[in-house]
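Notes for the structure review
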Amino acid sequence: MPQEAGRYGGVDGQALLLAAGLADLVVSTVGSALGTVRGVLRRSDAAELAAEAEHDLMARGRLVLDRYAAAPPAHLEVLARHALARKTADDV
């Protein structure tokens with residue numbers, strides 16, 4: 001172990017270890033994903049599964065766009081509407 005610490009010491013050694021660890025993680029993740037894809041392709045209901053996945057992705061996209069694309073109402077506009085509603089309720 002002490003021999004390995006000297007071998008990969010310093011900033012360059014740490015960068016090398018980090019890159020090697022990241023590469024190993026990517027390879028294992030891709031391998032796992034490919035196994036999952038192969039299993040899905042062997043299913044008899046793959047077309048239905050793909051249609052459901054497309055529907056889910058579209059729904060998720062709609063939610064994201066609704067969350068980030070639509071500007072929230074102006075704060076003063078909301079306050080003005082509340083004041084108008086109170087005034088209307090008091091007049092009745």
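Along each chain, numbering runs from 1 in the same order as the chain's sequence is written. Per-residue local features are limited, in this predicted model, to residues with pLDDT of at least 70; the limit for side-chain atom pairs, both in listing and counting, is 80 or more; totals at the level of whole chains, interfaces and linings are taken over all residues. Working from all heavy atoms in the structure, the side-chain values ignore hydrogens and water.

Here's the deal with the overall build of the protein
So the rule is basically this: A run of H or I in DSSP counts as a helix once it spans at least four residues, and a run of E counts as a strand once it spans at least two, with each numbered from the N terminus. Our radius of gyration is a C-alpha quantity, and the globule rule it is checked against amounts to 2.2 Å times the number of residues to the power 0.38. Only the protein chains shown count as covering a residue, and every accessible area follows the Shrake-Rupley method with a 1.4 Å probe. The charged-residue count follows a simple rule in which Lys and Arg add positive charge and Asp and Glu add negative charge, with His and chain termini not counted at all. Every charge is mapped onto a representative atom, which is NZ of Lys, CZ of Arg, CG of Asp or CD of Glu.
When you go through the protein residue by residue, the secondary structure sums to four helices and zero strands. Taken from the N to the C terminus, the helices and strands of the protein come in the order α-α-α-α. At 28 Å, the protein has a C-alpha radius of gyration far larger than the 12 Å of a compact globule built from 92 residues. For the protein, the accessible area works out to roughly 8500 Å², and carbon and sulfur atoms hold 63% of it. On the protein, the mean spot of the 10 positive side-chain charges and the mean spot of the 12 negative ones are 1 Å from each other.

Let's talk about helix H4 (residues 75-91)
Spelled out, the test is: In a helix, the anticipated span is given by 1.5 Å times the number of residues less one. Partly exposed residues are those whose accessible area sits between 20% and 50% of the maximum for their type, while under 20% is buried and over 50% is exposed, using a 1.4 Å probe and protein chains only.
Its 17 residues place the ends of H4 25 Å apart at the C-alpha level, agreeing with the 24 Å of an ideal helix rising 1.5 Å per residue. Sparse coverage of H4 is indicated by the burial of zero of its 17 residues.

Quick look at the pattern of salt bridges
Applied cut-off: One speaks of a salt bridge when a side-chain nitrogen belonging to Lys or Arg is within 4 Å of a carboxyl oxygen belonging to Asp or Glu.
Considering all chains together, one arrives at one salt bridge under this definition. For Glu77, the salt bridge goes to Arg81, with nearest N and O atoms at 3.2 Å. Residue Glu77 and its partner Arg81 are both found in helix H4; the two are separated by four residues, about one turn of the helix. According to the relative accessible area criterion, Glu77 is partly exposed, its value standing at 39%.

Concerning the confidence of the model for the protein
If pLDDT is low for a region, its predicted coordinates should not be looked at in detail. To keep it simple, the criterion reads: Confidence scores labelled pLDDT are given residue by residue by the predictor and lie between 0 and 100.
Scored by pLDDT, the protein has a mean of 84; 91% of the residues are at 70 or more. Within the protein, the element-level pLDDT minimum falls on helix H1 (residues 2-7), averaging 55, and the maximum on H4, averaging 90.

Quick word on a nonpolar patch on the surface
How we decide: Residues enter patches when their relative accessible area tops 30% and they take part in no salt bridge; the joining distance is 9 Å for like charges and 5 Å for the nonpolar side chains Val, Leu, Ile, Met, Phe, Trp and Tyr.
Where nonpolar side chains cluster on the molecular surface, the patch consists of Leu22, Leu25, Val26, Val30 and Leu34 and spans about 450 Å² of accessible area. Of note, Leu34 is situated in helix H2 (residues 10-41). For Leu34, a relative accessible area of 46% translates into the label partly exposed.

Quick notes on the environment of Ala20
Counting through the fold element by element, Ala20 comes out in helix H2. The class for Ala20 is partly exposed, based on a relative accessible area of 44%. With 60 residues separating them in the primary sequence, Ala20 and Ala80 have C-alpha atoms 59 Å apart.

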